[in-house]
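Below are the chains, spelled out letter by letter.
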Amino acid sequence: MNRVKMVNYKVTVSIGNLANAGTFNRAGIKLVGTDGESRRRTLSYITGGTASSFTVSCPVSIGKLVLIELDKPRLLFKNLWFPAKIEVKSPEDDTYNFPIYCWINNSKVHRFREG
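A brief structural summary. As the structure is a prediction and not an experimental result, all values here were calculated from the model. (Residues numbered from 1 in each chain as written. Predicted model: local features only at pLDDT ≥ 70, side-chain atom pairs only at ≥ 80, totals over all residues. Heavy atoms only, no water.)

Within the element layout of this structure, arginine 26 appears in strand S2 (residues 23–33). Exposure remark for arginine 26: the relative accessible area of 42% places this residue in the partly exposed category. Arginine 26 sits 17 residues away from leucine 43 along the chain, and the two C-alpha atoms are 5.7 Å apart. (Helix = DSSP H or I, 4+ residues; strand = E, 2+ residues; numbered from the N terminus. Buried < 20%, exposed > 50% of the residue type's maximum accessible area, 1.4 Å probe, protein only.)

Let's shift gears to the sheet that holds strand S8 (residues 95–99). Hydrogen bonds between backbone atoms are what pair the strands of a sheet, whose relative direction is either parallel or antiparallel. Judged by pairing direction, the sheet is antiparallel, and its four strands sit side by side in the order S5-S1-S7-S8 without closing on themselves. The strands lining the two open edges of the sheet, one partner per strand, are strand S5 (51–58) and S8. Each strand axis lies, on average, 20° off the axis of its neighbour in the sheet, ignoring direction. Relative to S8, strand S7 (residues 83–89) runs antiparallel, the two being bridged by five bridges. Bridge pairing links valine 88 to tyrosine 96 in S8. (Pairing = 2+ DSSP bridges. Axes fitted to C-alpha atoms, helices over the stretch in contact; angles between N-to-C directions.)

The next thing to look at is the nonpolar core. Among the nonpolar cores identified, the biggest contains 24 residues, and Tyr9, Ile29, Leu31, Ile68, Leu70, Ile86 and Val88 are the most heavily contacted of them. Looking at this core, the element that brings in the most residues is strand S1 (residues 7–15), giving five residues. With residues up to four places along the chain from it excluded, the contact list for isoleucine 29 reads Val11, Arg39, Arg40, Arg41, Leu43, Val56, Ile68, Glu69, Leu70 and Ile86. (Core = buried A, V, L, I, M, F, W, Y, C linked by side-chain atoms within 4.5 Å. Contact = heavy atoms within 4.5 Å.)

With that settled, the discussion passes to the environment of valine 7. Relative to the helices and strands, valine 7 resides in strand S1. Residues valine 7 and serine 61, spaced 54 residues apart in sequence, show a C-alpha to C-alpha distance of 6.2 Å. Setting aside residues no more than four positions away along its own chain, valine 7 makes contact with Val56, Ser57, Cys58, Pro59, Val60, Ser61 and Pro91.

For the structure shown, the criterion picks out five salt bridges. With a closest N to O distance of 3.0 Å, arginine 40 and aspartate 71 form a salt bridge. One end of the pair, arginine 40, is in the loop between strand S3 (36–37) and strand S4 (41–46); the other, aspartate 71, is in strand S6 (residues 65–71), with 31 residues separating them in the sequence. Its relative accessible area of 39% is what places arginine 40 among the partly exposed residues. Note that lysine 64 is salt-bridged to aspartate 94, the shortest N-O span being 3.2 Å. Here lysine 64, found in the loop between S5 and S6, pairs with aspartate 94, found in the loop between S7 and S8; they are 30 residues apart in sequence, far enough to count as distant. (Salt bridge = Lys/Arg side-chain N within 4 Å of Asp/Glu carboxyl O.)

Shown next, in the form of C-alpha cells:
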C-alpha cells in the first residue's frame, strides 16, 4: 500500500482582544496559492485573546500563497468572530501574514490577501 505524503501548512489564528471575539462555531479556512488551493479546513473552538494553531494538509504544494478564504456557518443565535490576524507557514519555510481585523458574522466566504 502506497502512502501519499502530505504537504503541511501551519496556520496560526490570533483573535482580537475584544469581548466575545472568539467563536465556538466551526470557522473554516481555505489557502489559495499560485499553483492550486487547499480544501476547506475546519478551525474549531477559537477563543478570544489567544492564538490557536492548526495544520492544513495538501497532497502537493500550492505554491506561493495569494490569499486565504474564511467562512463561519451561521448559528441560530448571533455568534460573531473577530480574527485579528492569521499567519501561515509554508512547507518551504515561507511565512505569510494576513491582517483581518474585522467581524465575521455571516456564512459568506471572506477573502483576504497578504498585507
